[in-house]
Amino acid sequence: MSNFVFVLDTQKRPLNPVQPGMARKLLTSGKAAVFRQYPFTIILKVEVTAIPDPITLKIDPGSKTTGIALVQGEKVVFGAELTHRGQAIKASLESRRSLRRSRRNRHTRYRQARFLNRTRHQGWLAPSLQHRVETTLTWVNKLIKFVPIKGIYQELVRFDLQQLENPEISGVEYQQGELAGYEVREYLLNKWERKCAYCGIENLPLQVEHIQPKAKRGSNRISNLCLACEKCNLKKGTQDIEKFLAKKPDVLKRILSQAKRQLQDATAVNSTRWTLFNRLKETGLPVSTSSGGLTKFNRTRLNLSKTHWLDAACVGQVNCLQVLTNQPLLIKAIGHGTRQMCRTDKFGFPSRYVPRLKFVKGFQTGDIVKAVVTSGKKIGTYIGRVAVRTTGSFNISAASGLIQGIGNKYCSLIHRKDGYLYAT
């Protein structure tokens, strides 16, 4: 079943989401009209006096993809996965920096370097990280307009070290309690990149392994734990790691250095989560937090698959969940294009110029359109993202591929450009 359909009353106030079948009946009977395509929202044409039931918005922030879920009581009625473009932003900034640096070195016309006269305000984030916060907040504000949300749950910290009783320092037993074991395993999975530390194998059940064996006074500190497949774990046994990897000095050096290293991006991810938490509080809704270990514990206990949107549904204290949808809305941030008025070739020479006017025949590049071609060599129906041309002959990126030369007279608008691509 697909996601529930959002409903607005005649005053554009959010009501309870309805099943797709009910939305179809309202549309065919003329009691409602389509208000927005993504996420699909209808608006009623008749007055209603129903009081909507409160819905909880749950967020699982991630470095590349953020999971979003709407939970009504114990029912998951909507799921979405928001893919960020942080890596694209980072690559663009690096490209700009290299181009400016090369122009300075060649003593051609360039922008003066400003390395020493910039101050960063408190809480500053790199543009690629700030983008993650802004896009997540954008979708939170959109959902608040379409859904009667009573509160927000956010996975604030990836690993709750207090739940672990700070094992990096105190070295206490890492399995004191059921939830503490989940915190440690999730930490190790991220630290060792879900691979066997000894052979590098992936996609197999991994076991918690003591680098310095417990039989030889090895501690239970996180810095003495790694992940190993069953074969390597049994083969190593109670041997010292220096003896076990005597013929593999490179692997030994890597394991010993990686064991002492903290998660590289833990600081960046945690700073992003805290910034998002503070921004979420500005919405005026109550914001509750949870840890990644508790999320995994809930998902495993409920026997749910590992996806971003189901992880979001499992954030916080969860008794049971009834998942009423299996087709999350896939959202990919693609940005709003570029400000360049002139395109260049690989040597930096002008190759073509961009028109000053964005709109052509009422369309602009990035709009999602439906083209019903009734004559010519390209008869058919195409739905996708449009690239406009001043000639009025457009290109459409449909699911079947790129279709070129579609006349604007065949196109009808489905969704205005908003910087995102959508799929289900």
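Report on the accompanying structure.

Criteria and cut-off values
- Residue numbering note: each chain is counted from 1, following its sequence as written.
- Owing to the predicted nature of the model, reporting of local features is limited to residues with pLDDT of at least 70; listing and counting of side-chain atom pairs is limited to 80 or more, with chain, interface and lining totals taken over all residues.
- Computation of side-chain values: all heavy atoms of the structure, hydrogens and water removed.
- Here's how the labels work: a residue is buried when its accessible area is under 20% of the maximum for its type, exposed when over 50%, partly exposed in between, all with a 1.4 Å probe on protein chains only.
- The helix and strand labels rest on DSSP assignments: H or I over at least four residues marks a helix, E over at least two residues marks a strand, and numbering proceeds from the N terminus.
- The arc in question is the one spanned by the directions pointing from the helix axis to the C-beta atoms.
- By the convention used here, residues are in contact when the closest approach between their heavy atoms is within 4.5 Å.
- The pocket and cavity definitions rest on a 1 Å grid over protein atoms only: a 1.4 Å probe that fits but cannot leave marks a cavity, an open set with protein on both sides within 12 Å along at least five of seven lines marks a pocket, and residues lining either have an atom within 4 Å of a point.
- Grid points are joined across faces, edges and corners, and a volume is the space filled by probe spheres set on the points.
- As a working rule, the residues Ala, Val, Leu, Ile, Met, Phe, Trp, Tyr, Cys and Pro are called nonpolar, Asp, Glu, Lys and Arg charged, and the rest polar, with Gly in that last group.
- Between the rings of Phe, Tyr and Trp (Trp by its six-membered ring), a pair exists once the centres lie within 6.5 Å; its type follows the angle of the planes, with under 30 degrees stacked, over 60 edge-to-face, and the other angles tilted.
- Charge over a ring is defined by NZ of Lys or CZ of Arg lying within 6 Å of the ring centre and within 35 degrees of the ring normal.

**A short note on helix 1 (residues 20–28)**
Argument step 1. Buried within helix 1 we find Pro 20, Ala 23 and Leu 26. Each buried residue of helix 1 lies within a common arc of 120 degrees when the element is viewed along its axis, so the set occupies one face. The exposed set on the far side of helix 1, more than 90 degrees from its buried face, consists of Arg 24, Lys 25 and Thr 28.
Argument step 2. On its buried side, helix 1 packs onto strand 1 (5–8), strand 2 (14–18), strand 3 (32–36) and strand 4 (41–44).
Argument step 3. After helix 1 finishes, the residue Gly 30 shows a positive phi value of roughly 80 degrees.

**Things to note about the layout of surface pockets**
Argument step 1. Quantified by volume, the largest pocket comes out at close to 1,500 Å³.
Argument step 2. Of all elements in the fold, only helix 2 (86–106), helix 3 (127–146) and strand 14 (342–344) reach the threshold of two or more residues within the lining of the largest pocket.
Argument step 3. It is helix 2 that provides the largest number of residues to the lining of the largest pocket, a total of ten residues.
Argument step 4. Class assignment for the residues of the lining of the largest pocket results in nine nonpolar, 14 polar and ten charged.

**Remarks on the packing of aromatic side chains**
Argument step 1. Under the counting rule described, the total for this entry stands at eight aromatic pairs.
Argument step 2. Here the aromatic rings of Phe 6 and Phe 78 are separated by 5.1 Å at their centres, their planes lie at 45 degrees, and the arrangement is tilted. Of this pair, Phe 6 sits in strand 1 while Phe 78 sits in strand 7 (residues 75–83), and the two are 72 residues apart along the sequence.
Argument step 3. Aromatic side chains Phe 363 and Phe 394 sit 5.8 Å apart centroid to centroid with 70 degrees between the ring planes, which places their arrangement in the edge-to-face category. Pair noted here: Phe 363 is in the loop between strand 15 (350–353) and strand 16 (368–373) and Phe 394 is in strand 18 (residues 393–398), with a separation of 31 residues, a long-range link.
Argument step 4. Among the aromatic side chains, those forming a connected cluster through ring pairs are Tyr 38, Trp 139, Tyr 420 and Tyr 422.
Argument step 5. One residue, Arg 120, lies across the ring of Trp 124, its end atom 3.9 Å from the ring centre.
Argument step 6. The positively charged end of Lys 142 is found above the aromatic ring belonging to Trp 139, 4.4 Å away from the centroid.

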